[in-house]
Amino acid sequence: AMRAMDETGPELVARFIGHIKDVVVATPEYVKAHKLKGVDPHELKDVPVLMSSLQQTWNTWKLQKGNKDLIIQVQGNYATTSYQTNRYMCLAGLGVARVPFYLVEKDLQEKKLVHLYKDYSIATHPLYLVYPVKGYQT
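Description of the structure in this document. (Residues numbered from 1 in each chain as written. Predicted model: local features only at pLDDT ≥ 70, side-chain atom pairs only at ≥ 80, totals over all residues. Heavy atoms only, no water.)

## Re the sheet that holds strand β9 (residues 125-132)
The strand order across the open sheet built from three strands is β1-β9-β2, with neighbouring strands paired in antiparallel fashion. Both edges of this open sheet fall to β1 (2-3) and β2 (12-20), since each of them pairs with a single strand only. Where β2 and β9 come together, eight bridges link them in antiparallel fashion. The residue bridging Arg15 from the neighbouring strand is Leu129, located in β9. (Pairing = 2+ DSSP bridges. Helix = DSSP H or I, 4+ residues; strand = E, 2+ residues; numbered from the N terminus.)

## What to know about the packing of aromatic side chains
Evaluated as defined, the whole model comprises one aromatic pair. Each ring, one from Phe16 and one from Tyr128, has its centre 5.7 Å from the other, and the planes form 70 degrees; the classification is edge-to-face. Of this pair, Phe16 sits in strand β2 while Tyr128 is found in strand β9, placing the two residues 112 residues apart along the sequence. Judged by its relative accessible area of 47%, Phe16 is partly exposed. Taking the relative accessible area as the measure of exposure, Tyr128 reaches 16% and is therefore buried. A cation sits over an aromatic face here: Lys21 above Phe101, 5.3 Å from the ring centre. (Phe/Tyr/Trp six-rings, centres within 6.5 Å; stacked < 30°, edge-to-face > 60°. Buried < 20%, exposed > 50% of the residue type's maximum accessible area, 1.4 Å probe, protein only. Lys NZ or Arg CZ within 6 Å of the ring centre and 35° of its normal.)

Function-wise, these values are silent; they only describe arrangement.
Listed below in structure tokens is the structure:
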């Protein structure tokens, strides 16, 4: 399996693959309906965001512009630990999503999604390949 977290249980071996770059996106219709400007991330406090987990640490977004850090506590009605599910919910117009760039690059090119807060960067996070310590059991 692929995991984007630093901690795994003792039953798993984790092999570091690299870092994931995230972007903040929404559908053009969602942006228009919620009057998002896509320039100041503070506006995220007023709109439903697609949560990346039920764990609060994943729903505290740290954005950077130059040498300034901006911490945004996001909230929403939907949560999933699957990036792909988060992408599908975003494409369905259910909220703003923070997802890996590689996953939505084509959606952005096809203008199905809008890249919000382009002047800000989001700290990357590690990606691991994980597998059971004892191998596959039948």
